[in-house]
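# Examination of the molecular architecture
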Amino acid sequence: MKSGDHATIDVPESSAVAKGKAPLIATPREQKSGFKKGLGIFDFLLRLGAIISALAAAATMGTSDETLPFFTQFFQFEASYDDLPTFMFFVIAMALVGGYLVLSLPFSIVTIVRPHAVAPRLLLFILDIVALTLTTAAGAAAAAIVYLAHNGNPNTNWLAICQQFGDFCQKVSGAVVASFVTVVVLMSLILLSGFALKKH
C-alpha cells in the first residue's frame, strides 16, 4: 500500500438512524385529543360542585322548620317549608337535579376516556339544559317567596315574618343562594359542552 492511498471504512448506520426517530412534537390530532380530555376533566369537576350545591339546597330547604317558644290556647306559631307549595316544589326540583347530576357522572367519565365521542357529550348537553331550566324555575319561585318573607307586601297584606322566624328565613335564604350557585355551574357545563361539540 502506498503512502498516498487512503483507506475507506464503511460504518453501518445504527438501527435508530436507519429506522428514523419518532417526532417529539405531538400531531394536531393528539393535541386536540389532549385538549378535549382536559375539557372532560373540567366537566367532571364542575359536576361534582353542582351535585354538592344542588343537594345542599334541597337538604337545607327540607330541614327548614322553626317553632316559636310561645303559643296560645288555640294557636302554635310554626314555620316549615311544607307550609308553602313553592318550597315543596323547590325541594323536589333540587333533589331531582342533584340525582340527575349524580347519574351523569359516568357519562362525564366516558368523555374523558373517549374524548372524541360525540353521543355522550351531546346527551349531557341536552339534559343539562333541562336541568338548568328546572333549577332556574325552582330558584326564582323560591326567591320570590323569600323576598316576601323578608320584606312583606303592604298592598296585599303580606306580613314580613323574618323578624319572628329568623332561623327559618336564614335557612331558606341559604337554600335559594345554593340553587343559584347550581344555576351558574350548569350554565358553565352547557357552555363547556357546546364548545367541545363545536371542536369536533
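Owing to the predicted nature of the structure, the values given are computational and were not obtained by experimental measurement. (Residues numbered from 1 in each chain as written. Predicted model: local features only at pLDDT ≥ 70, side-chain atom pairs only at ≥ 80, totals over all residues. Heavy atoms only, no water.)

### Notes on the confidence of the model for the protein
Should the pLDDT be low somewhere, the predicted coordinates at that spot are not to be read in detail. Filter applied, for reference: Confidence scores labelled pLDDT are given residue by residue by the predictor and lie between 0 and 100. Helix numbering and strand numbering both begin at the N terminus, where a helix is a DSSP run of H or I of at least 4 residues and a strand a DSSP run of E of at least 2. Contacts: residue pairs with any heavy atoms within 4.5 Å of one another.
Considering every residue of the protein, the mean pLDDT works out to 82; 77% of them sit at 70 or more. Ranking the helices and strands of the protein by mean pLDDT puts helix H3 (residues 85-113) first, with 94, and helix H1 (residues 15-19) last, with 45. With pLDDT under 50 throughout, residues 14-24 is counted as low confidence; its partners more than four residues away or in other chains account for two contacts.

### Description of the packing of H3 against helix H4 (residues 119-151)
Here is the rule: Axes here mean lines fitted to C-alpha atoms, for a helix over just the part in contact, with angles spanning 0 to 180 degrees between N-to-C directions. By the definition adopted for this analysis, an angle is roughly parallel if under 35 degrees, roughly antiparallel if over 145, roughly perpendicular if from 65 to 115, and oblique otherwise. With the far helix as reference, a near helix turned anticlockwise by less than a right angle produces a left-handed crossing, and one turned clockwise produces a right-handed crossing. Charged means Asp, Glu, Lys or Arg here, nonpolar means Ala, Val, Leu, Ile, Met, Phe, Trp, Tyr, Cys or Pro, and polar covers whatever is left, Gly included.
One can describe the packing of H3 onto H4 by two numbers: an axis separation of 9 Å at closest approach and a directional angle of 160°. It follows from the interaxial angle that H3 and H4 lie roughly antiparallel. Viewed along their axes, H3 and H4 form a crossing whose handedness is left-handed. Residue classes in the contact of H3 with H4 are distributed as 22 nonpolar, six polar and two charged.

### What about the side chain of Asp-128?
Note that Asp-128 resides in helix H4. Leave out the neighbours within four places in its chain, and Asp-128 touches Arg-47, Tyr-100, Leu-189, Ile-190 and Ser-193.

### Quick notes on H3
Operational definition: Expected helix span is computed as 1.5 Å times (number of residues minus one). Two axes enter the bend calculation: one fitted to the seven residues ending at the residue in question, the other to the seven starting there, and the bend is the angle between them.
In a regular helix each residue adds 1.5 Å, so 29 residues correspond to 42 Å; H3 covers 43 Å between its end C-alpha atoms and thus fits that length. Remark: the principal bend of H3, roughly 35°, maps to Leu-105, with a proline, Pro-106, within the next four residues.

### With respect to the nonpolar core
Note the cut-off: Grouping buried Ala, Val, Leu, Ile, Met, Phe, Trp, Tyr and Cys residues that are joined through side-chain atoms within 4.5 Å yields what is termed a nonpolar core. Only protein chains enter the accessibility calculation, which uses a 1.4 Å probe; a residue is then buried when its area is under 20% of its type maximum, exposed when over 50%, and partly exposed in between.
Among the nonpolar cores identified, the biggest contains 41 residues, and Met-61, Phe-87, Phe-90, Leu-101, Phe-168 and Leu-186 are the most heavily contacted of them. Listing elements by their share of this core, those giving two or more residues are helix H2 (28-62), H3, H4 and helix H5 (166-198). Looking at this core, the element that brings in the most residues is H5, giving 13 residues. Ignoring any residue separated from it by four or fewer positions in sequence, one finds Leu-186 in contact with Val-97, Leu-101, Ala-131, Leu-132 and Thr-135.

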